[in-house]
Amino acid sequence: MQQRTVSVLVLGLMLICATEGIRADISIDGYSDATNDRFTNSSTFVMNGFDLSGVGQAASGRWATAISRNVIVSAAHFAPSGTITFFPGNDPTAPSVQRSILMGARVPGTDLYVAVLNANLPSSIKHYLFASESLSGPPPSGNSPFSVVDAGIYQGLNAYLFGRSPKSNDAFRDQAVGRNVVTGFSENVVFGSTPDVDSLVFTRDGSADSNFVEFEARFEVGDSGGPTFVDLNGELRLLGTNAFIYDNGNFSSPGPGSGINYIGNQAAFINDFIVANAVPEPGSITPLVVIGFCLFRRKREARSERREKRSC
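Residues numbered from 1 in each chain as written. Predicted model: local features only at pLDDT ≥ 70, side-chain atom pairs only at ≥ 80, totals over all residues. Heavy atoms only, no water.

Asker: Requested: an account of the packing of aromatic side chains, with residues and values cited.
Answerer: The geometry of two aromatic rings is summed up by the distance between their centres and the angle between their planes. This structure, assessed with the given rule, holds eight aromatic pairs. Ring centres of Trp63 and Phe162 lie 6.3 Å apart, and the angle between their planes is 85°; on these two criteria the pair is classed as edge-to-face. Separated by 99 residues along the polypeptide, Trp63 in strand S5 (residues 63-66) and Phe162 in strand S12 (residues 158-163) bring together distant segments of the chain. Here the two residues Trp63 and Phe162 agree in accessibility, since each one is buried. Counting every residue linked through ring pairs, the aromatic cluster contains Trp63, Tyr128, Phe162 and Phe229. (Phe/Tyr/Trp six-rings, centres within 6.5 Å; stacked < 30°, edge-to-face > 60°. Helix = DSSP H or I, 4+ residues; strand = E, 2+ residues; numbered from the N terminus. Buried < 20%, exposed > 50% of the residue type's maximum accessible area, 1.4 Å probe, protein only.)

Asker: Which residues make up the pattern of salt bridges, and what are the values?
Answerer: Evaluated as defined, the whole model comprises five salt bridges. The partner of Arg164 in a salt bridge is Asp174, and the shortest N-O contact between them spans 2.8 Å. Pair noted here: Arg164 is in the loop between S12 and strand S13 (176-181) and Asp174 is in the loop between S12 and S13, with a separation of 10 residues, a long-range link. With respect to class, Arg164 is no different from Asp174; both count as buried. In this structure, Arg173 and Asp170 form a salt bridge, with 2.7 Å as the shortest nitrogen-oxygen distance. The exposure class assigned to Arg173 is partly exposed, which follows from its relative accessible area of 22%. Residue class for Asp170 comes out partly exposed when judged on its relative accessible area of 26%. (Salt bridge = Lys/Arg side-chain N within 4 Å of Asp/Glu carboxyl O.)

Below you can see the structure in the form of structure tokens.
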């Protein structure tokens, strides 16, 4: 594995010091409303054809991405609260779906945040498969906040990075999408007081660099908690939630980049959380009730038959 070091400017620390009204929009090379703003609802949108209904936002603009019928994931340092609004498509005028957060929790030792909604989402709102592969690498050493190694099956894949849109000031319809190639994995990134931020990082390359892609993107203030996806065989897979940005550091080239909370190393905890908080669908309860009633009835009939035989 190739190992490199970079210095870090942590997005989370910037957000802690900012008010809700201070924000910047995700930086996207060649941005246009039509190609990069989800709710422009254009046929030229970079993710046209993908179901983004499970990417929601709170009234504050903070992000919540559905990973089950009633569980969302975000970033702990910029966690959503209150009501989350989802849209079944990219049409901003379509009827929305709203759910309230009942309770949430930081995944221990990380910057990942999971929360339970007050009711299951309808079938019109998608929930996403998420990475489950365990990745590892050397922890930071010396003055370097993190080291970068190969990211396994995700190394070099093109990813879709979500952030606040330059077009919109409507907090729960404020979604822009850029792209970037997975640069690598970093173990235990130095991130405030959080000890175990396992991350995927994305260098923002220049147009002359070999890894430069159309709509090359980098996070900015306000993007924390948003989702980052890859397309695997036509299906979106959630890699994690937006966490930090870093500067040039020891790189002469390329330029600054972005980091996310990699979800794969915490998949077991999150799956347990989903199972523990699952609410059965109404349609799935009825068969169980019917089966239970039939068993109860058969037992009663059997007891009646035994009593009749004893009385003869």
